[in-house]
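Summary of structural features
Each chain, written out:
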Amino acid sequence: MELPMSPQGIWQAVLGELQLSLQRSTYDSWLRDTHAIAYEDGQFIVAVPHAFAQDWLETRLKGPIKQRLQRLCERSVDVRFVVRPNPVAAPDPDVHTTPLLQPQKEEGRFHHRAMHAASLKPAMTFETFIEGDGNRLAYAAAQSVAQDPGTHYNPLFLYGGVGLGKTHLLHAIGHRARSLGFAVRYVTAETFTNDLIEAIRTRSNLAFRQTYREVDVLLIDDIQFIEGKGSTQIEVYNTFNSLYAANKQIVLASDRPPRLLAQLEDRLRSRFMGGLVVDLLPPDLEHRMAILRAKSYEMGLVVSDDALSYIAQRYQSNVRELQGALNRLAAYARLERRPADLALAREALSPEEEILNQDPEAIIQAVADEFRITRSELVGQRRLKRFARPRQVAMYLMREVAQLSFPQIGEYLGGRDHTTVMHGYKKVSQLLADDPELRMRVERVRMRLNREAMVSREPVFASVAQY
């Protein structure tokens, strides 16, 4: 029996759904550079760029991926991940591979390789960046530093919410500067930290410093990750000073401006604010429409104007949401062999069922039942993991579903301090991206709350036989 579309087409549909449900860092690290290469004997064979992605997907996401594949294919299928690096794309800069901290000679220039291979995303260039009112200043500043590194706006600090183009601009700067002959290194702050840890463990600190200081342009993404990490902040400070003194360009990206990075050392904060600090704002309606038209053209998808308008009005916060929604619409159009019009857009992007039951006590009891503990154990003071995790789930759901403040949640859960509740809420928010089992349990609690609410609202009709 043939598939409804090509294996790669189905895989793109799965990626579109996962892009909407996972955190950006998770999707970018483990799924972005994957592609389906075959469908054989009821099994999808998916190529991944490295063994770490293969292991992570097998252990963390295989179940949810299989469910989506089976729903799209309308049959039972399996999935297997094989390591097959893309021959035309450089390795992902966020990938942690075997340490290679030995100096090498390449084309007459002295280079050092860190524990990952430095690379830039081929698609993230200035030419593919869509300019709008909310990012115009950042776009202009990025072009300026790429053209003449170390001369203007040093450092350049870009900040804004998820999916607004910070990473795209960092890669675009890297591409342009590299094309002009400058040595470029792009890295996330998390990878910088892991490289530092590996250098300390292997006693290769000198090679680590040479890796990050013998460049013309250093691009560090998600710099907020170094908050509260003393050793990493010291190394960033020293690297910053070394590059700045040599008139080398530094570009940083964060979800917040430097003044709001509360756990950042003052000396680092002052240096980050010493150049140009620029924010990227959510795109307005006109900008969102332009983005959708450009993306649909790249995909070879004909989408009606009213469908584009529907997507643009529904997804307003960032570009990643727009891309994910468009991917989902494209998948539906291909699977059902229907035009990508407004009717299909409404079907493909129908909102999830609203949680009706917002009673905090009902949430507490539902979570306790799901994790097979008593209500008193959930709200009690014991810190065993079998009680602590359900307690944090209750914190998360009471915030998301009942919209309670952190102090209010603390009162319901045994008089806990609001900072404890904040930590629990944040912890579960992070775990949901990487833990399919926890995600499933939270979803079961949501479904139970909905069922209970609908039952309680059904009108009661007495039987005629009773009278």
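Residues numbered from 1 in each chain as written. Predicted model: local features only at pLDDT ≥ 70, side-chain atom pairs only at ≥ 80, totals over all residues. Heavy atoms only, no water.

Description of helix H7 (residues 205–213)
Where H7 is concerned, the buried positions are Ala207, Phe208, Thr211 and Tyr212. Seen end-on, H7 carries its buried residues on one side only, within an arc spanning 125 degrees. (Buried < 20%, exposed > 50% of the residue type's maximum accessible area, 1.4 Å probe, protein only. Helix = DSSP H or I, 4+ residues; strand = E, 2+ residues; numbered from the N terminus. Arc of directions from axis to C-beta.)

Some words on the nonpolar core
Core analysis: the largest hydrophobic core is formed by 31 residues, its most contacted members being Ile363, Val367, Leu378, Val393, Leu397, Ile409 and Leu413. Contributions of two or more residues to this core are made by helix H14 (360–370), helix H15 (375–379), helix H16 (385–400), helix H17 (406–412), helix H18 (418–434) and helix H19 (436–457). Take this core: its biggest share by element is 7 residues, from H16. The contacts of Ile363, once residues within four sequence positions are left out, are Ala394, Leu397, Met398, Val401, Ala402 and Leu449. (Core = buried A, V, L, I, M, F, W, Y, C linked by side-chain atoms within 4.5 Å. Contact = heavy atoms within 4.5 Å.)

Some points on the packing of helix H1 (residues 7–21) against helix H12 (residues 319–336)
One can describe the packing of H1 onto H12 by two numbers: an axis separation of 8 Å at closest approach and a directional angle of 145 degrees. Pair H1 / H12 crosses with left-handed handedness. Of the residues in H12, those in contact with Ala13, Gly16, Glu17, Gln19 and Leu20 of H1 are Arg320, Glu321, Gln323, Gly324, Ala325, Asn327, Arg328 and Ala331. Of the residues in the contact of H1 with H12, the class split is 4 nonpolar, 5 polar and 4 charged. (Axes fitted to C-alpha atoms, helices over the stretch in contact; angles between N-to-C directions. Left-handed = near helix turned anticlockwise from the far one by under 90°. Nonpolar A, V, L, I, M, F, W, Y, C, P; charged D, E, K, R; others polar.)

Considerations on the packing of aromatic side chains
Considering all chains together, one arrives at 12 aromatic pairs under this definition. Ring geometry for Trp30 versus Trp56: centroids 5.2 Å apart, planes at 5 degrees, classification stacked. Within this pair, whereas Trp30 is found in helix H2 (residues 24–30), its partner Trp56 is found in helix H3 (residues 51–73), the two being separated by 26 residues in sequence. Taking the relative accessible area as the measure of exposure, Trp30 reaches 21% and is therefore partly exposed. For Trp56, a relative accessible area of 10% puts it in the buried group. By the ring-pair criterion, three or more aromatic residues cluster together here, those being Phe157, Phe240, Tyr244 and Phe272. Here the guanidinium or amino end of Lys229 rests over the ring plane of Phe225, the centre of that ring lying 4.0 Å away. Above the plane of the ring of Phe371 lies Arg441, whose end atom (NZ or CZ) is 4.2 Å from the centre. (Phe/Tyr/Trp six-rings, centres within 6.5 Å; stacked < 30°, edge-to-face > 60°. Lys NZ or Arg CZ within 6 Å of the ring centre and 35° of its normal.)

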